[in-house]
Amino acid sequence: GDAYGRCVLTGNTPDGNVVTTAEHALALMFAVARKIPQASASMRAGAWEKTKFQGRELFGKTIGIIGLGNIGRIVADRARGLRMRVIATDPWVTPRKGQELGVEMVDLDTLLATADVVTLHVPAVDWTKGILSAANVAKLKKGAILINAARGGLVDERAVAEAVRSGQLYGAAFDVFAEEPLAKDSPLLGVDNIVLTPHLGASTDEAQDIVAVMVAEQVVEYFRTGKARNVVNP
């Protein structure tokens with residue numbers, strides 16, 4: 001309630017930025033695979049280091065999606081368009097439903113051991129927090145790429161930094177972090193081929209327009225019908 005004891009409903013727009021977030025995860029995947037940020041920084045410094053930034057092709061590789069909800073399904077669809085093999089793990093998606101989506105459903109250990117690219121698309125709830133612990137990071141396929149554009153706290157960031165530094169992982173990208181803004185002593189900083197963005201998953205002109213329209217529609221619907229959609233404090 002507010003200062004006058006009135007109930008103040010708070011809502012969100014969970015579907016307003018699904019495409020934008022999925023696209024950002026894929027952009028991070030390409031950035032890591034082709035070392036685009038490092039190559040751009042090198043050129044801006046006046047260098048021409050063509051052989052230093054040899055990258056990796058994604059065609060024919062296996063992408064493992066942890067969480068096949070609205071965003072994960074968009075990533076799966078786009079990855080299939082890139083001619084990648086798509087596998088996923090999600091306790092709420094049956095193998096039959098996965099087959100309908102063109103996705104092979106597997107358990108987490110199989111995904112970690114098999115996927116060339118692992119991307120997370122789960123909420124931060126009890127069963128997902130720390131889902132990529134240090135022990136699970138160690139299970140990732142050698143040379144894999146890890147992407148987290150979902151929620152902070154899902155991944156052991158120190159373990160990932162060490163895995164990239166040691167060469168166990170080819171690279172990684174984070175858009176979300178356990179602590180935001182990112183701490184200045186974060187182990188992710190200063191590690192080659194770890195790409196970092198400041199929680200930009202929903203940051204496109206289109207997504208912000210969609211969210212604004214959805215919020216306005218929800219307010220109008222409430223005052224016209226009394227129906228409150230997407231309320232987070234019922």
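Read on for an overview of the structure.

Cut-offs used in this document
Residues numbered from 1 in each chain as written. Predicted model: local features only at pLDDT ≥ 70, side-chain atom pairs only at ≥ 80, totals over all residues. Heavy atoms only, no water. Phe/Tyr/Trp six-rings, centres within 6.5 Å; stacked < 30°, edge-to-face > 60°. Buried < 20%, exposed > 50% of the residue type's maximum accessible area, 1.4 Å probe, protein only. Lys NZ or Arg CZ within 6 Å of the ring centre and 35° of its normal. Salt bridge = Lys/Arg side-chain N within 4 Å of Asp/Glu carboxyl O. Helix = DSSP H or I, 4+ residues; strand = E, 2+ residues; numbered from the N terminus.

Regarding the packing of aromatic side chains
Taken as a whole and assessed by the stated rule, the structure comprises 1 aromatic pair. Taking the centre distance of 6.2 Å and the plane angle of 25 degrees together, the rings of Phe174 and Phe177 count as stacked. For Phe174, a relative accessible area of 1% translates into the label buried. A residue is classified by how much of its surface remains accessible, and Phe177, at 8% relative accessible area, is buried. In this structure, Arg56 packs its charged tip against the face of Tyr170, placed 4.0 Å from the ring centre.

Comments concerning the pattern of salt bridges
Under the counting rule described, the total for this entry stands at 6 salt bridges. In this structure, Glu49 and Lys52 form a salt bridge, with 3.8 Å as the shortest nitrogen-oxygen distance. Asp109 serves as the salt-bridge partner of Lys139, at 3.2 Å between the closest nitrogen and oxygen. Here Lys139 is found in the loop between α6 (134-137) and β5 (144-148), whereas its partner Asp109 is found in helix α5 (residues 108-114), with 30 residues between them in sequence. Judged by relative accessible area, Lys139 falls into the partly exposed class, the value being 39%.

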